[in-house]
Amino acid sequence: FLYLKIHEQTCFCSVFCRWYWQKEKREPYVKFMEANYPPGFSYEDFGPLFTAEFFDPNQWADILKASGAKYVVLTSKHHEGFTLWESKYSWNWNAVDVGPKRDLVAELATSVRNRTDLHFGLYHSLFEWFNPFFLEDATNAFKTRKFPTSKSLPELYEIVTKYQPEIVWSDGDGNAPDTYWNSTGFLAWLYNDSPVRDTVVTNDRWGVGTICTHGGFYTCSDRYNPGHLLPHKWENCMTIDKRSWGYRRNTQLDDYLTTEDLVKQLVETVSCGGNLLMNIGPTHDGRIAVIFEERLRQMGAWLKVNGEAIYGTKPWRAQNDTVTPEVWYTFSPKEGKVNAIFLNWPVSGTLELGEPQAKLGETQVKLIGYKEPLKWVALGEKGIVIALPQLTPKQLPCQWGWTLQLTDVN
């Protein structure tokens, strides 16, 4: 249920730097470049500055494992076209020819597979902002297909064949239809003839009109969190840095979601049948910044206690409680348990739930991480009041969000 997305960083003014600076010419970006870089400095000059000298794929894999994630999705190429592998179709604009002089995709894939049980996935942008072939096709209203046939599709076949990702996370349709990208042709190969045909999962971003309509799981929009159950598997793709998908040197503490915020996002998402794709942005020198590592490890600590209310669960008949706010439900089908995850510990010491239908003498209530069963009182045919244990802060099973497990409830 928990994905982790890693966004590569090739530019010091973050992921959309090139677009804001060179296309939209936003004043803060233009002024920053003029003040801090030599005259005539181009975006391509950032390539050698993307050094990744501190990139340790084993350390990354260990952090990812500690986060409790089940999947990791590495951004192999974003909209500016730089590939983190030695692509035959991105000559002299990839991490082996320029900058790190290393195949970062291969190194991370190997470490993740050798040191963890995470499924390894790759993000790939279909279009590229300034590629002349794409711009020519766009000028021709996508009646010509120079870019997908010579660049984008060959890259997709290349990364699947070389790295065998179990998730192919497509993005960036460039306002072109799926017929321009030949998405159906690629997906037919992916699911029928590729090396990962029996294991691969894909998202819904394969051309204009496909998002939230076609795909193994829907993403619908960035930071999508509908707050209600959807009939199709979906994913909340969001960022720990509220304002960016990449690393920002000028980030303030308030720009980061707290662990409490992240737990809330996870609980709401899973209760409504979704996956959480939580994005971090490493530095140009190859580090996962300490604050990102702390958030990941804290999420892992929370999942170590409450994981049985997340992993392998399904949505229950109610997603959140009708009486007490900030209570979200999941269902563990193997054990037949209803999990009520509450995000605020009540001052009164009792928690009223409006949804469960308890059965006298049969229903049992347990706080995950606390040994003794809890006392409860039914409120007629529907509803239950639960007496929580009196615990000091150090005795609490975890710091953010707690799980009640109810067995034998209607």
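Quick caveat, the model's predicted, so the values are computed rather than measured. Within every chain, residues take consecutive numbers counted from 1 along the sequence as written. The predicted nature of this model means local features are confined to residues of pLDDT at least 70 and side-chain atom pairs, given and counted, to a pLDDT of 80 or more, with totals for whole chains, interfaces and linings taken over all residues. The basis for every side-chain value is the complete set of heavy atoms in the structure, and neither hydrogens nor water enter the calculation.

Draft legend 1. Layout of the UniProt feature "domain: Glycoside hydrolase family 29 N-terminal" (unreviewed entry) in the protein chain. Per the UniProt record, "domain: Glycoside hydrolase family 29 N-terminal" (unreviewed entry) is annotated on residues 17-308. Only DSSP runs of H or I with at least four residues qualify as helices, and only runs of E with at least two residues qualify as strands; both kinds are numbered from the N terminus onward. Across residues 17-308, the secondary structure splits into 37% helix and 12% strand, with the terminal C-alpha atoms separated by 41 Å. UniProt positions are given in the numbering used here, feature names are shortened, and annotations may be inferred rather than shown by experiment.

Draft legend 2. Seen up close, the packing of helix α9 (residues 259-271) against helix α10 (residues 290-306). A fitted line through C-alpha atoms serves as each axis, taken over the contacting stretch for helices, and the angle formed by two N-to-C directions is quoted from 0 to 180°. The interhelical angle for the contact between α9 and α10, taken along N-to-C directions, is 55°, at an axis separation of 10 Å. Put simply, α9 runs oblique to α10. Where α9 crosses over α10, the handedness of that crossing is right-handed. Contact residues: α9 offers T259, L262, V263, L266 and V267, while α10 offers R295, Q298, M299, W302 and L303. Taken together, the residues that form the contact of α9 with α10 break down as seven nonpolar, two polar and one charged. Roughly parallel refers to an angle under 35 degrees, roughly antiparallel to one over 145, roughly perpendicular to one between 65 and 115, and oblique to any angle outside these ranges. Throughout, a crossing is termed right-handed when the near helix is turned clockwise from the far one, and left-handed when it is turned anticlockwise from it by less than a right angle. In what follows, residue pairs with any heavy atoms lying within 4.5 Å of each other are defined as contacts. Residue classes follow a fixed rule: Ala, Val, Leu, Ile, Met, Phe, Trp, Tyr, Cys and Pro count as nonpolar, while Asp, Glu, Lys and Arg count as charged, and any other residue, Gly among them, counts as polar.

Draft legend 3. Quick peek at the pattern of salt bridges. By convention in these notes, a salt bridge is any Lys or Arg side-chain nitrogen within 4 Å of a carboxyl oxygen on Asp or Glu. As enumerated under the stated definition, the model contains 21 salt bridges in all. With a closest N to O distance of 3.0 Å, D62 and R115 form a salt bridge. On the criterion of sequence distance, the pair formed by D62 in helix α3 (residues 57-66) and R115 in helix α4 (residues 104-115) is long-range, its members being 53 residues apart. Here's how the labels work: a residue is buried when its accessible area is under 20% of the maximum for its type, exposed when over 50%, partly exposed in between, all with a 1.4 Å probe on protein chains only. The exposure class of D62 is partly exposed, given its relative accessible area of 31%.

Draft legend 4. Local environment of the state of the cysteines. The definition used for a disulfide is geometric: two cysteine sulfur atoms within 2.5 Å. On inspection of all chains with the given rule, the structure shows one disulfide. At a sulfur-sulfur separation of 2.0 Å, the disulfide partner of C212 is C220. Disulfide C212-C220: torsion about the S-S bond near 65°, hence right-handed. Taking the relative accessible area as the measure of exposure, C212 reaches 33% and is therefore partly exposed. You can call C220 buried: its relative accessible area is 14%. No disulfide involves C272; its sulfur sits 13 Å from that of C220, the nearest cysteine. With a relative accessible area of 0%, C272 lands in the buried category.

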